[in-house]
Amino acid sequence: MKILVLGASGQLGSCLKKAGSIRNFDGLIFPEEAVSNILNTEALELLFDLEKPNFVINCAAYTAVDKAEDDVDLCRKVNKDGPGIIAGLCQENGATLIHVSTDFVFEGNTVDLAKETDVANPINIYGLTKLEGEQVVAQQLAAHFIIRTSWLYSEFGNNFVKTMLKLGADRDELSVIADQIGTPTYAVDLANAILDIIESGKTEYGIYHYSNEGVTSWYDFAKGIFDISKTEVNVLPIPTSAYPTRAVRPKFSVMDKTKYKTTFSITIPYWRDSLEKCISQLE
Ligand SMILES: NC(=O)C1=CN([C@@H]2O[C@H](COP(=O)(O)OP(=O)(O)OC[C@H]3O[C@@H](n4cnc5c(N)ncnc54)[C@H](OP(=O)(O)O)[C@@H]3O)[C@@H](O)[C@H]2O)C=CC1
Ligand SMILES: Cc1cn([C@H]2C[C@H](O)[C@@H](COP(=O)(O)OP(=O)(O)O[C@H]3O[C@@H](C)C(=O)[C@@H](O)[C@H]3O)O2)c(=O)[nH]c1=O
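These notes cover the structure that comes with them.

About the cut-offs
Residues numbered from 1 in each chain as written. Chains lettered and ligands numbered in written order. Predicted model: local features only at pLDDT ≥ 70, side-chain atom pairs only at ≥ 80, totals over all residues. Helix = DSSP H or I, 4+ residues; strand = E, 2+ residues; numbered from the N terminus. Rg over C-alpha atoms; globule rule 2.2 N^0.38 Å. Near = placed C-beta within 6 Å. Nonpolar A, V, L, I, M, F, W, Y, C, P; charged D, E, K, R; others polar. Pairing = 2+ DSSP bridges. Contact = placed C-beta atoms within 7 Å. Axes fitted to C-alpha atoms, helices over the stretch in contact; angles between N-to-C directions. Buried ≥ 20, exposed ≤ 12 C-beta atoms within 10 Å, placed from the backbone. Expected span 1.5 Å × (residues − 1). Left-handed = near helix turned anticlockwise from the far one by under 90°.

A look at the overall build of the chain
Then comes step 1: Broken down by element type, the chain carries 10 helices and 12 strands.
Then comes step 2: Over its C-alpha trace the chain gives a radius of gyration of 18 Å, about what one expects of a compact globule, namely 19 Å for 283 residues.
Then comes step 3: Its C-alpha atoms give the chain principal-axis dimensions of roughly 55 × 40 × 35 Å.

What follows is the structure, given as structure tokens:
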């Protein structure tokens, strides 16, 4: 079994390396960036010819949500055109694609848990281009798993947990949005969930939602981070209107994970338990 990981140097790619090595998972391939630009068709063709993967995990993405609003062309290339190229090569080479997407495909204006079958209606460029990427993958390749996840963090790369710990080390007080609700996901848990899909051998292709268990706000998440790391910071809950950002974010983007849990018979860790694990890795 050969599993080619694209976007290997990012947060999720790093977590796949970690999870794969802890589990002694056979066949994972993490190519150098120079030979795995997902916008370079010839380079990817060479990589597919060389490695002949059975599975491809696409972790490559344009993830700077605010910057995307002013960098639409590049964001769309990476989040839509790149996945299209990868899906086409998987189709030609008989590989299954595991493509990662986001809760930000949802508008988030209701408090119902979002199901895989719900209509997506993104409200920012990042979410829109990620949805376009999902659609291109589904159109070109039957053998695909699209995993929508949310609020990823880990000991690797840039994320909300590391930002809070950095800010908390310098400041006595921080204001954090309390009226955007979602679920954090430890990227190591997601990496394991992806490996579990591969290991299961199941072929019920399509979209799956995966985050940690539970529901929280960015404010409560920040409180949890400081509580667990025993950092003394006064966290003030603020409304979205008090923290203007270039991109609009969904108010409520909690996803229903029933399909993942029943298809793969796997239990998912509660967000705070996983946060403790991550913070223990950072200390
Ligand atoms: N981070 C989050 O909170 C969430 C992420 N997701 C999704 O999860 C997936 C993984 O995200 P995460 O690991 O956090 O993101 P990162 O931004 O940490 O990693 C993305 C990686 O993609 C690479 N990349 C960008 N453009 C290209 C390209 N043309 N060719 C090859 N690689 C490229 C980046 O390289 P470089 O840094 O050099 O540009 C980076 O290493 C993405 O699909 C994202 O949309 C979903 C929900 C939440
Ligand atoms: C730093 C900071 C952020 N915030 C708010 C802004 C925002 O609403 C929220 C999170 O901010 P961030 O910029 O870290 O996170 P953001 O980039 O919005 O996170 C999103 O990234 C993409 C890639 C996804 O796919 C989403 O699931 C989600 O994880 O916290 C505060 O309220 N106070 C602060 O001091």
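Still to come is the rest of the account.
Details of the site of ligand 2
Then comes step 1: Close to ligand 2 lie 19 residues; Val65, Thr102, Phe160, Ile177 and Trp218 are nearest.
Then comes step 2: Those elements that provide at least two residues to the shell around ligand 2 are helix H6 (160-170) and strand S7 (173-177).
Then comes step 3: At four residues, the largest contribution of residues to the shell around ligand 2 is made by S7.
Then comes step 4: Of the residues contributing to the shell around ligand 2, the split by class is 10 nonpolar, seven polar and two charged.

Examining the sheet that holds strand S2 (residues 28-29)
Then comes step 1: Taken in spatial order, the six strands make up an open sheet running S2-S1-S3-S4-S5-S10, and their pairing is parallel. At either margin of the open sheet sits one strand with a lone partner, and together these are S2 and strand S10 (206-209).
Then comes step 2: The pairing of strand S1 (residues 3-6) with strand S3 (residues 55-58) spans four bridges and is classified as parallel. Counterpart to Leu6 in the pairing with S3 is Asn58.
Then comes step 3: Sheet strands in contact with helix H4 (residues 72-93) are S1, S3, strand S4 (96-102) and strand S5 (144-149), and its direction is about 160° off that of S4.
Then comes step 4: Of the strands in this sheet, S1, S3, S4 and S5 are in contact with helix H7 (residues 187-200), which crosses S5 at around 160°.

A word on the site of ligand 1
Then comes step 1: Near ligand 1 you find 23 residues, and of these Gly10, Gln11, Leu12, Ala60 and Ala61 are the closest.
Then comes step 2: The residue makeup of the shell around ligand 1, split by class, is 10 nonpolar, 12 polar and one charged.

Let's talk about the pairing of S4
Then comes step 1: Across the seven residues of S4, seven count as buried, placing the element largely inside the fold.
Then comes step 2: Of the two faces of S4, the one carrying Thr96, Ile98, Val100 and Thr102 and the one carrying Leu97, His99 and Ser101 are both buried.
Then comes step 3: Of the pairings in the sheet, the one linking S3 to S4 comprises four bridges and is parallel in character. The residue of S4 that forms the bridge with Asn58 is His99.
Then comes step 4: Pairing of S4 with S5 involves six bridges; the strand directions are parallel. Looking at the pairing, His99 lines up with Ile146 of S5.

What to know about the environment of Ser36
Then comes step 1: Secondary-structure assignment places Ser36 in the loop between S2 and helix H2 (41-51).
Then comes step 2: Residues Ser36 and Ser101, 65 residues apart in the sequence, show an inter-C-alpha distance of 19 Å.
Then comes step 3: Each residue touching Ser36, except ones within four places of it in the same chain, is listed here: Leu6, Pro31, Ala43 and Leu47.

Re helix H5 (residues 125-140)
Then comes step 1: Between the first and last C-alpha of H5 there are 23 Å, a value that for 16 residues agrees with the 22 Å anticipated at 1.5 Å per step.
Then comes step 2: Residues of H5 that are buried include every one of Ile125, Tyr126, Gly127, Leu128, Thr129, Lys130, Leu131, Gly133, Glu134, Val136 and Val137, and no others.
Then comes step 3: The inward-facing, buried residues of H5 abut helix H3 (65-68), H4, S4 and S5.

Looking at the packing of helix H1 (residues 11-23) against H7
Then comes step 1: Remark: H1 packs on H7, axes separated minimally by 8 Å, with the N-to-C direction vectors making an angle of 65°. Of the two possible hands of crossing, H1 and H7 adopt the one that is right-handed. Packed against H1, whose contacting residues are Gln11, Leu12, Cys15, Leu16, Lys18, Ala19, Gly20 and Arg23, the element H7 presents Ala187, Val188, Leu190, Ala191, Asn192, Ile194 and Leu195 at the interface.
Then comes step 2: When grouped by side-chain class, the residues that make up the contact of H1 with H7 number 10 nonpolar, three polar and two charged.

Digging into unusual backbone geometry
Then comes step 1: Its identity as a non-glycine residue notwithstanding, Lys230 has a phi of 50°, on the positive side.
Then comes step 2: With respect to the helices, strands and loops of the structure, Lys230 is situated in the loop between helix H8 (218-228) and strand S12 (234-238).
Then comes step 3: One non-glycine residue with positive phi stands out, namely Ser265, at about 50°.
Then comes step 4: With respect to the helices and strands, Ser265 occurs in the loop between helix H9 (258-264) and helix H10 (271-282).
Then comes step 5: For Ser265, a count of 10 C-beta atoms within 10 Å translates into the label exposed.

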